[in-house]
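Next come the chains, spelled out residue by residue.
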Amino acid sequence: MTVYGYRASGNCHKVRLLLDQLGRPHRWVDVDSPAGATRSPAFLALNPNGKVPVLQREDGAVLVESNAMLVWLAEGTAFLPDDAWARAQAFSWLFFEQYSHDPDVAVARFIRGWTALDDARRSTLPGLQARGHVALQLMDGHLRTSPWFTGARYGIADIALSAYTAVAEEGGYDLTPYPALRDWLARVEATPAYHAMPAPPAEVVARFAHACRSSDD
């Protein structure tokens, strides 16, 4: 299969991580989505919604939406519970990740790193971060009574939620108040074949550093 994605995107990273942890052979095609590569006619023919990641099977069939890919790839493996109730619980965290976590934790990171220093969207950061902390608090509360989000063991809900949580500090989040969440991240990082999300381009890293200096002033 072929996966089209941007390596510094959490939504793309989680698909790549699951493929590697499953040992599934695949071809990765880098798509510079911040530079507008997802708006080309060739890419829009794959995904008219103009977003990465995109998974294409050998027969040409296409699947979009990262969490749908996780579910399909994990079917019949230890990364997705067999029990219907446990599966539903895992799915509930996948929905939470896209509805209550990604829109604030991931978007804050994007604005701090991928927008110009004078971009008007930077004024939205305090609100995004306040809502993002609500999501992180809910996750920390769950992890005080359960080691994972996919049921009794590590699986796709953990992969989905850890992708952007592991780099939340780049979005201006301090994870110090969430000890259970930090312990969980350490457990995720200790799983076989785990690899961290690649560092973003140098200019993005420079904007993160500038944002940190500004918050310290």
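Each remark here, short or long, concerns the structure printed above.
Here is what the cut-offs are and how they apply
Residues numbered from 1 in each chain as written. Predicted model: local features only at pLDDT ≥ 70, side-chain atom pairs only at ≥ 80, totals over all residues. Heavy atoms only, no water. Helix = DSSP H or I, 4+ residues; strand = E, 2+ residues; numbered from the N terminus. Rg over C-alpha atoms; globule rule 2.2 N^0.38 Å. Buried < 20%, exposed > 50% of the residue type's maximum accessible area, 1.4 Å probe, protein only. Contact = heavy atoms within 4.5 Å. Areas by Shrake-Rupley, 256 points an atom, 1.4 Å probe, with all protein chains shown as cover. Phe/Tyr/Trp six-rings, centres within 6.5 Å; stacked < 30°, edge-to-face > 60°. Core = buried A, V, L, I, M, F, W, Y, C linked by side-chain atoms within 4.5 Å. Axes fitted to C-alpha atoms, helices over the stretch in contact; angles between N-to-C directions. Parallel < 35°, antiparallel > 145°, perpendicular 65-115°, else oblique. Left-handed = near helix turned anticlockwise from the far one by under 90°. Nonpolar A, V, L, I, M, F, W, Y, C, P; charged D, E, K, R; others polar.

Visitor: What's the story with the overall build of the protein chain in this structure? I'm lost.
Guide: Check the secondary structure of the protein chain and you find 8 helices and 4 strands. Along the chain direction, N to C, the helices and strands of the protein chain fall in the order β-α-β-α-β-β-α-α-α-α-α-α. Taking 217 residues into account, the globule formula puts the C-alpha radius of gyration at 17 Å, and the protein chain, at 17 Å, falls close to it. Principal-axis analysis of the C-alpha atoms gives the protein chain an extent of 50 × 50 × 25 Å. Going through the 217 residues of the protein chain one by one, you find that 47% of them count as buried. Excluding contacts between residues fewer than 6 apart, the proportion of contacts in the protein chain whose partners are at least 24 apart in sequence is 67%. Working note: accessible area of the protein chain is about 10400 Å², and carbon and sulfur atoms make up 56% of it.

Visitor: Would you mind going over the packing of aromatic side chains with me for this structure?
Guide: Any two aromatic rings considered together are summarised by their centre-to-centre distance and by the angle between their planes. According to the stated counting rule, one finds 8 aromatic pairs in the structure shown. Between the aromatic rings of Tyr6 and Trp114, the centroid separation amounts to 6.4 Å while the plane-to-plane angle is 70 degrees, which identifies the pairing as edge-to-face. Of the two residues, Tyr6 is situated in the loop between β1 (2-5) and α1 (10-22) and Trp114 in helix α4 (residues 84-114); the sequence distance between them amounts to 108 residues. Neither Tyr6 nor Trp114 differs from the other in exposure class; each is buried. The rings of Tyr6, Phe110, Trp114 and Phe208 are connected pair by pair, giving a single aromatic cluster.

Visitor: Honestly, the nonpolar core in this entry has me stumped. Any pointers?
Guide: General note: in soluble globular proteins, nonpolar side chains tend to be found buried as a group. Counting 59 residues, the largest nonpolar core has Leu18, Met139, Phe149, Ile156, Leu181 and Trp184 as the members making the most contacts within it. When residues in this core are grouped by element, the largest group, 8 residues, is from α4. Once residues lying within four places of it in the same chain are set aside, the contact partners of Trp184 are Met139, Leu143, Pro147, Trp148, Phe149, Asp158, Leu161, Ser162 and Thr165.

Visitor: Honestly, the packing of α1 against helix α6 (residues 156-165) in this entry has me stumped. Any pointers?
Guide: To characterise two packed helices, one gives the angle between the axes of the helices and the distance between these axes. Running from amino to carboxyl end, α1 crosses α6 at an angle of 140 degrees, the nearest separation of the two axes being 9 Å. In this view, α1 runs oblique relative to α6, as classed from their interaxial angle. Relative to α6, the crossing made by α1 is right-handed. Note on element contacts: α6 touches α1 through Ile156, Ile159, Ala160, Ala163 and Tyr164, opposite Gly10, Asn11, His13, Lys14, Leu17, Leu18 and Gln21. When grouped by side-chain class, the residues that make up the contact of α1 with α6 number 7 nonpolar, 4 polar and 1 charged.

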